[in-house]
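# Structural characterization, general
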Amino acid sequence: SLGPSEAVAIARDRLRRIDPTDDAYVIFTSGSTGRPRGVAVSHANLAASTAARRVTYEEPPGRFLLTSSIGFDSSIVGLFWPLVSGGTIVLPGDDDVHDVDRLADTIERHGVTHLLMVPSLYRALLVRSADRLGSLRTAIVAGEACAPDVAALHRDALGSTPLFDEYGPTEATVWSSVHRITSGDRTWIPFGVPIAGVTLRVADSRGAPTPVGVAGELLVSGPTVTRGYVDDPEATAERFVDVDGRRWYRTGDLV
């Protein structure tokens, strides 16, 4: 058996041998448009994605509620953002995640300051237990379209707590754009602006920018864009393209 000092020495040696281009993790896409594909995310991708949160969010997470399954990339936010900020990860039980009342109890009991969840779950929390969410300092929704009624419910219950809407594919390391929802967002929630270090382009079939007001495919470029799919060079070549001297990920989303 190893003593504490020997274990620390081995861990340090392994850390020294990690290169920024090495894979940090692999997460499989949902496969909603075909068979699931494994996305290999490097340490450099992860570092850039996490560092961008310090630019976007004024207050670091004191206590972050991790509701996402480890199989979804939104869990990466709850794992790494608190840890690199000196925060605490609050892990609800499986039954708590699927019971809004028990989830609200977890938030209140542990003094959760930050959370990220799909808008539909956050809506249910606000409808059922808005009076138990007073510890929140930052609320983030992502993973599906945010309806204006979610913003209205939040505004009525937690007017001084900022609410953000994030968008991003797994292939670009969790998030690519963010919008701070305001009182003016009453009919629709804007897509948001690129996160720090990322460039977004609305492009035609050749990858060239479309004119203002003309729909096109959303492309993402920057340090969060991953190398591609594990053992799938054809799909990688199709979705990760070089245009105008830069590497872009084709999201397939029309905007």
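Use the structure listed above.
Here is a short report on the structure shown in this document. (Residues numbered from 1 in each chain as written. Predicted model: local features only at pLDDT ≥ 70, side-chain atom pairs only at ≥ 80, totals over all residues. Heavy atoms only, no water.)

### Looking at helix 6 (residues 119-129)
Inspection of helix 6 places P119, L121, Y122, L125, L126 and S129 among the buried residues, and these make up the whole buried set. In a view along the axis of helix 6, the buried residues occupy a sector of 160°, so they form one face of it. Seen from the open side of helix 6, the exposed residues pointing more than 90 degrees away from its buried face are V127 and R128. The inward-facing, buried residues of helix 6 contact helix 5 (100-110), strand 5 (114-117), strand 6 (138-141), helix 7 (148-157) and strand 7 (163-167). (Buried < 20%, exposed > 50% of the residue type's maximum accessible area, 1.4 Å probe, protein only. Helix = DSSP H or I, 4+ residues; strand = E, 2+ residues; numbered from the N terminus. Arc of directions from axis to C-beta. Contact = heavy atoms within 4.5 Å.)

### Observations concerning the pairing of strand 2 (residues 38-42)
Of all five residues making up strand 2, five are buried, and the element is well covered by its neighbours. Judged by which residues are buried, strand 2 turns out to be covered on both faces: G38, A40 and S42 on one side and V39 and V41 on the other are all buried. Bridge count for strand 1 (residues 23-28) against strand 2 is five bridges, and the pairing is antiparallel. Along strand 2, the bridge assignment pairs F28 with G38. (Pairing = 2+ DSSP bridges.)

### Looking at unusual backbone geometry
The backbone phi angle of T173 is positive, close to 60°, even though this residue is not glycine. Within the secondary structure layout, T173 lies in the loop between strand 7 and strand 8 (177-180). T173 sits in the buried class, given a relative accessible area of 0%. Even without glycine at this site, D231 takes up a positive phi of about 55°. Within the secondary structure, D231 sits in the loop between strand 12 (228-229) and helix 8 (233-239).

### Topic: helix 3 (residues 74-84)
The periodicity of an α-helix, 3.6 residues per turn, causes residues three or four positions apart to be oriented the same way. Restricting attention to buried positions, one finds in helix 3 the residues S75, I76, V77, G78, W81 and P82. Lining the buried residues of helix 3 we find strand 1, helix 2 (43-56), strand 3 (63-65), strand 4 (88-90), strand 5 and strand 6. Downstream of helix 3 by one or two residues, G86 has phi in the positive range, about 75°.

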